[in-house]
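As a plain string of letters, each chain reads:
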Amino acid sequence: MRAQHNFAQLMAHVASLYCMNGSSSLSQQEMAELTLSIAYTLGLADATPEEAAQTLSADDPIALWHSHLAELDCRIDNALITWKRIVLAMPPIRNVALRDTLASIGDLKPRYDTRFAAHAVPCDIDYQLSEPIDTNLQGLDYIEAWLAQLERETMWIAQFDVDSCISTLERVCPDYRGLHINLYDLLSTHASELKLKM
Amino acid sequence: MDASPLSPKCSSVAESLRTIINSHLVSAGITITASEAADLAMHRELCLRDNERIEFGTPAVVAIAEEFAPSPCLKTCDAADALTRLQEVFYRTRDELSVEVPDSEIIEAICHCFDELGSAFDVATLPTEELMTFSKTYQQAQESTEEACYCLTDDTGHTYTFDPTEWDYDETAPGWNGEKWDDDIDE
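Keep in mind the model is a prediction, meaning the values are calculated, not measured.

Trainee: Explanation requested: the overall build of chain B in the structure shown.
Mentor: Each helix and strand in chain B was counted, giving 8 helices and 3 strands. In chain B, the succession of α and β elements from N to C terminus is α-α-β-α-α-α-α-α-α-β-β. Looking at chain B residue by residue over its 187 residues, the buried ones come to 28%. Partitioning the intrachain contacts of chain B with sequence separation of at least 6 by distance along the chain shows that 61% fall at a separation of at least 24.

Below you can see the structure in the form of structure tokens.
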């Protein structure tokens, strides 16, 4: 009962913020999106009913939401640290989809609406990874998993001489720059032809 | 209105509505009965369901009653019936406008329109675009939004404006700030 009351209180608070305290109602669709956002922020998306009730029985549900928002902000900062590591390590193999995807993720902070759409993946992900990420992951979970996978691929590619990578790619896939390909997949199948960095 | 009993939640809303609305209408010497409040509460439920909306704050009809109370047309109409029709207009209009338009501008339009036309029935026949012309605040906000769309200030502080009504899709027409296209042609 207390959990239900707290959730209703939190929904009303977030809905008021969403409409800038200017309205007393929202469309069902907007409310559904806000509900998903709050559920994701509080970590309730995969919780059992008992776990959810325990979380929502906090003394101050609004303060709880704000503290979870602050945690999301920390995770965003850490994701960007991972992103920077990848950008610095990635050899200059100019694939357009990879370039555009990394540029989009680099804009994570202004793009990610943690208050009203925390469950949405905020970036344009065009580059295809060698192992696809679970599409059931939401929001920052997806971005973190995506970056972790790309970091593994990047670190493998980065051990090789970039000229040997490029010459191998030009031979096996002349349009490697424009196509939606995965660089790791292409290079790993020709690993014996690549020169390790000195 | 259907005579079936109200749900406990609806009964509670009806009682609250009667108390608050009457507190606003008392200055006009008008009150609504418990039965009329029950009808208003049920009608509110229907409007929310039909427009697929969820109300999390004070029911809009309360704000309508507050704005509506000083109306000179109030004495010549059935207040409960007028509130019911205006409530319906509100939720229909609310659903058509973006969340950036506050309830207060919609209610301002509805009540000013009611004062002008004298009949809630006539207010209900107006399309949203025409109804909102009765809200001065909304019109001012729209004008400033339109101006902002076509106004740009660069780093030096120079402001460029563009009047879409003068756009004639002519390649030789003056561009931003009166610069002509042939200024770019190399001699």
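Now that the structure is up, let's keep going.
Trainee: I would appreciate a short explanation of the interface of chain B and chain A in the present structure.
Mentor: By a widespread convention, an interface's size corresponds to the accessible area lost as its parts come together. Chain B puts 14 residues into the contact, and the matching count from chain A is 14 residues. For the side of chain B that touches chain A, the secondary structure elements donating two or more residues are strand 1 (53-55) and helix 4 (79-96) of chain B. Where strand 1 (residues 25-27) of chain A meets strand 1 of chain B, 3 bridges bridge the pair, whose relative direction is antiparallel. When the sheet's bridge partners are listed, A:S25 is paired in strand 1 of chain B with B:E55.

Trainee: What's the story with the environment of B:V99 in this structure? I'm lost.
Mentor: Tracing the backbone shows B:V99 in the loop between helix 4 and helix 5 (103-117). What makes B:V99 partly exposed here is the crowd of 16 C-beta atoms within 10 Å.

Trainee: It is not clear to me how the nonpolar core should be interpreted in this structure. Could you clarify?
Mentor: Side chains of nonpolar character tend, in soluble globular proteins, to be buried together. The biggest cluster of nonpolar side chains holds 37 residues, and the ones touching the most others in it are B:I64, B:L86, B:F90 and B:I110. Mapped by element, the contributors of at least two residues to this core are helix 1 (8-25), helix 2 (34-50), helix 3 (60-68), helix 4, helix 5 and helix 6 (120-125) of chain B. Leave out the neighbours within four places in its chain, and B:L86 touches B:I64, B:F68, B:I110, B:F114, B:A120 and B:V123. One finds A:C19, A:L34, A:L44 and A:L56 within the second-largest nonpolar core, a separate group that totals 12 residues.

Trainee: Whenever I open this one, the packing of helix 1 of chain B against helix 3 of chain B confuses me. Can you help?
Mentor: To describe two helices that pack against each other, one gives the angle between their axes and the distance between the axes. All names here are of chain B. Running from amino to carboxyl end, helix 1 crosses helix 3 at an angle of 15°, the nearest separation of the two axes being 8 Å. When the interaxial angle is binned, helix 1 and helix 3 end up roughly parallel. Remark: the crossing between helix 1 and helix 3 carries right-handed chirality. Residue-level inspection shows L17, I20, I21, H24 and L25 of helix 1 in contact with helix 3, the latter providing V61, V62, A65 and E66.

Trainee: Looking at this structure, I do not really get helix 2 of chain B. What am I missing?
Mentor: Residue pairs three or four apart in sequence face the same way in an α-helix, which turns once every 3.6 residues. Residues and elements named next belong to chain B. With 17 residues, helix 2 extends 24 Å between its outermost C-alpha atoms, agreeing within 8% with the 24 Å of an ideal straight helix rising 1.5 Å per residue. Where helix 2 is concerned, the buried positions are E36, A37, A38, D39, L40, A41, R44 and C47. Structurally, helix 2 contributes buried residues whose contacts are with helix 1, helix 3 and helix 4. One or two positions beyond helix 2, positive phi appears at E52, with a value near 55°.

Trainee: What should I look at first to understand the packing of helix 3 of chain B against helix 4 of chain B in this one?
Mentor: Residue and element names in this part refer to chain B. Running from amino to carboxyl end, helix 3 crosses helix 4 at an angle of 120°, the nearest separation of the two axes being 10 Å. One finds that helix 3 runs oblique with respect to helix 4. Helix-helix and strand crossings are classified by hand; for helix 3 and helix 4 the assignment is right-handed. Residues A60, V61, I64, A65 and F68 of helix 3 form the contact with helix 4, whose participating residues are L83, L86, Q87 and F90. Its residues assigned to classes, the contact of helix 3 with helix 4 shows 8 nonpolar, 1 polar and no charged.

Trainee: How should I be thinking about the domain arrangement of chain A in this particular structure?
Mentor: Residues and elements named next belong to chain A. When cut into domains, chain A gives domain 1 (2-61) and domain 2 (68-193). Contact with domain 1, which involves 10 residues of that partner, is made by 11 residues of domain 2. Mapped onto the side of domain 1 that touches domain 2, the elements with two or more residues apiece are helix 1 (2-18) and helix 2 (28-41). Sorting elements by how many residues they give to the side of domain 1 that touches domain 2 places helix 2 first, with 6 residues.

Rules and cut-offs
- Every chain is numbered independently, its residues counted from 1 as its sequence is written.
- In the order they appear in the text, chains get letters beginning with A and ligands get numbers beginning with 1.
- Per-residue local features are limited, in this predicted model, to residues with pLDDT of at least 70; the limit for side-chain atom pairs, both in listing and counting, is 80 or more; totals at the level of whole chains, interfaces and linings are taken over all residues.
- Only DSSP runs of H or I reaching four residues or more are called helices, and only runs of E reaching two or more are called strands; each is numbered from the N terminus.
- We call a residue exposed when 12 or fewer other C-beta atoms sit within 10 Å of its C-beta, buried when the count reaches 20 or more, and partly exposed for counts in between; the C-beta positions come from the backbone.
- For every residue pair, C-beta atoms are placed from the backbone, and the pair is scored as a contact if these atoms sit within 7 Å.
- In this scheme, strands are said to pair when DSSP sees at least two bridges between them.
- Each nonpolar core comprises buried Ala, Val, Leu, Ile, Met, Phe, Trp, Tyr and Cys residues, the members being joined through C-beta atoms within 7 Å.
- Every angle, taken between N-to-C directions, lies between 0 and 180 degrees, and every axis is a line fitted to C-alpha atoms, over only the stretch in contact when it is a helix.
- Each angle receives one of four descriptions, namely roughly parallel if under 35 degrees, roughly antiparallel if over 145, roughly perpendicular if within 65 to 115, and oblique otherwise.
- Two helices that cross are described as forming a left-handed crossing if the nearer one is turned anticlockwise from the farther one by less than a right angle, and a right-handed crossing if clockwise.
- Multiplying 1.5 Å by the residue count of a helix minus one yields the expected span of that helix.
- When residues are sorted by character, Ala, Val, Leu, Ile, Met, Phe, Trp, Tyr, Cys and Pro go into the nonpolar class, Asp, Glu, Lys and Arg into the charged class, and all the rest, Gly among them, into the polar class.
- Where each domain starts and ends follows an automatic or database-derived domain assignment.

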